[in-house]
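Inside the fold
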Amino acid sequence: MGMGWWAAAGDLLLGARCQACLRPWWGLCPACRASLRSRTPRGTRPTPCPVGFPPTSTAGWYDEPMRRLIVGHKERQALGLAPMLGELLATACWHLIRTRVAPAEAEFTLVPIPSARAAVRSRGYDATAVLARRAAALLRPAAPVRVRRLLRHHRGVHDQSGLDAAARQRNLADSLRVRDAAAGATRQGMIIIVDDLVTTGATLTEASRALTAAGMAVLGAATIAATRRHHAALADRTR
Ligand SMILES: [Zn+2]
């Protein structure tokens, strides 16, 4: 945790600005907190939509404040941002549970998209898994929810940025595997794949494929944010 401490101290000493709007503040200013909490989670799907894309709920747009929070948490281990991001992920998970008509008494397992191996090695911090655990803790009073890191990279993938939707899908095809099939598909309950961001949908589609192939029941996916460019037709048909 040494690096985490230094990163947190750096945020305190140098980053006396709101992490979302950059006005002078520490952490997140009250206006940004209120604005983030006022976002309405909704169902979303990319255009074009990959075959096999799972039902997905997201907490909001990947706009500039959201980008700063997600990148700040991931790249600089700005740990003070984890509670808000975990809260937003929890609202997306709850939207998915509420709208997908999960069987009563179902148990849920949040499965974070694994970080690229090199990224975790250099940072020692799996940002998505951290947020999944926070979301699960918030959801637990309402539903039995746990977190399992069931997915692993089966082979290396190229950097996704700059690739279009079709290229991303080719890049990711068959790239994920379930870590331990012997963990017992039936004991995992309903799977909710979680990630910080959905863009073309290629990653969530590949994760859903890998989990389903291992015999698991995938309820859908939940993300903190969705990119406007790929999700222009965001609409909540469940309301
Ligand atoms: Zn702010």
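Everything in this summary refers to the structure shown in the same document. (Residues numbered from 1 in each chain as written. Predicted model: local features only at pLDDT ≥ 70, side-chain atom pairs only at ≥ 80, totals over all residues. Heavy atoms only, no water.)

Looking along the chain, the bond that leaves Thr47 and enters Pro48 is cis, with omega of -5°. When you line up the elements, Pro48 lands in the loop between strand 1 (42-44) and strand 2 (56-58). With a phi angle near 70°, Leu22 is a residue other than glycine that sits in the positive phi range. Position of Leu22 among the secondary structure elements: in the loop between helix 1 (2-14) and helix 2 (30-37). (Helix = DSSP H or I, 4+ residues; strand = E, 2+ residues; numbered from the N terminus.)

Before going further, it helps to spend a moment on the packing of helix 4 (residues 82-99) against helix 6 (residues 127-139). Viewed as axis vectors pointing N to C, helix 4 and helix 6 meet at an angle of 60°, and their least axial separation amounts to 8 Å. On the basis of their axis angle, the class for helix 4 and helix 6 is oblique. Helix 4 and helix 6 meet at a crossing whose hand is right-handed. Side by side, helix 4 and helix 6 meet where Ala82, Pro83, Leu85, Gly86, Glu87, Leu89, Ala90, Cys93 and Trp94 of the first sit next to Leu131, Ala132, Arg134, Ala135, Leu138 and Leu139 of the second. In terms of residue class, the contact of helix 4 with helix 6 is built from twelve nonpolar, one polar and two charged. (Axes fitted to C-alpha atoms, helices over the stretch in contact; angles between N-to-C directions. Parallel < 35°, antiparallel > 145°, perpendicular 65-115°, else oblique. Left-handed = near helix turned anticlockwise from the far one by under 90°. Contact = heavy atoms within 4.5 Å. Nonpolar A, V, L, I, M, F, W, Y, C, P; charged D, E, K, R; others polar.)

Take the coordination of the zinc ion next. Taken together, the protein ligands of the zinc ion are Cys18 (SG), Cys21 (SG), Cys29 (SG) and Cys32 (SG), with distances of 2.2 to 2.3 Å. Here the zinc ion is ringed by four donor atoms whose angles at the metal span 105 to 115°, and the overall shape comes out tetrahedral. Between consecutive donors of the zinc ion, the numbers of intervening residues give the motif C-x2-C-x7-C-x2-C. Of this pair, Cys21 sits in the loop between helix 1 and helix 2 while Cys32 sits in helix 2; the two residues are eleven residues apart in sequence, bridging distant segments of the chain. (Donors = N, O, S within 2.8 Å, 3.2 Å for Na, K, Ca; no water. Tetrahedral: all angles 85-135°; square planar, octahedral: opposite > 155°, others 65-115°.)

This brings us to the pattern of salt bridges. Applying the stated rule across the entire model yields seven salt bridges. With its nearest N and O atoms 2.5 Å apart, the salt bridge here joins Arg37 to Glu87. Residue Arg37 is located in helix 2, and its partner Glu87 is located in helix 4; the two are separated by 50 residues in the primary sequence. For Glu87, a relative accessible area of 24% gives the class partly exposed. One salt-bridge network, in which partners are shared between bridges, spans Glu64, Arg67 and Arg68. (Salt bridge = Lys/Arg side-chain N within 4 Å of Asp/Glu carboxyl O. Buried < 20%, exposed > 50% of the residue type's maximum accessible area, 1.4 Å probe, protein only.)

This part is about the packing of aromatic side chains. This structure, assessed with the given rule, holds zero aromatic pairs. Cation over ring: Arg42 sits above Trp61, and NZ or CZ is 5.0 Å from the ring centre. (Phe/Tyr/Trp six-rings, centres within 6.5 Å; stacked < 30°, edge-to-face > 60°. Lys NZ or Arg CZ within 6 Å of the ring centre and 35° of its normal.)

The next point concerns helix 4. Between the first and last C-alpha of helix 4 there are 26 Å, a value that for 18 residues agrees with the 26 Å anticipated at 1.5 Å per step. Among all positions of helix 4, only Ala82, Met84, Leu85, Gly86, Leu88, Leu89, Ala90, Ala92, Cys93, His95, Leu96 and Ile97 are buried. Following helix 4 by one or two positions, Val101 has its phi on the positive side, about 50°. (Expected span 1.5 Å × (residues − 1).)

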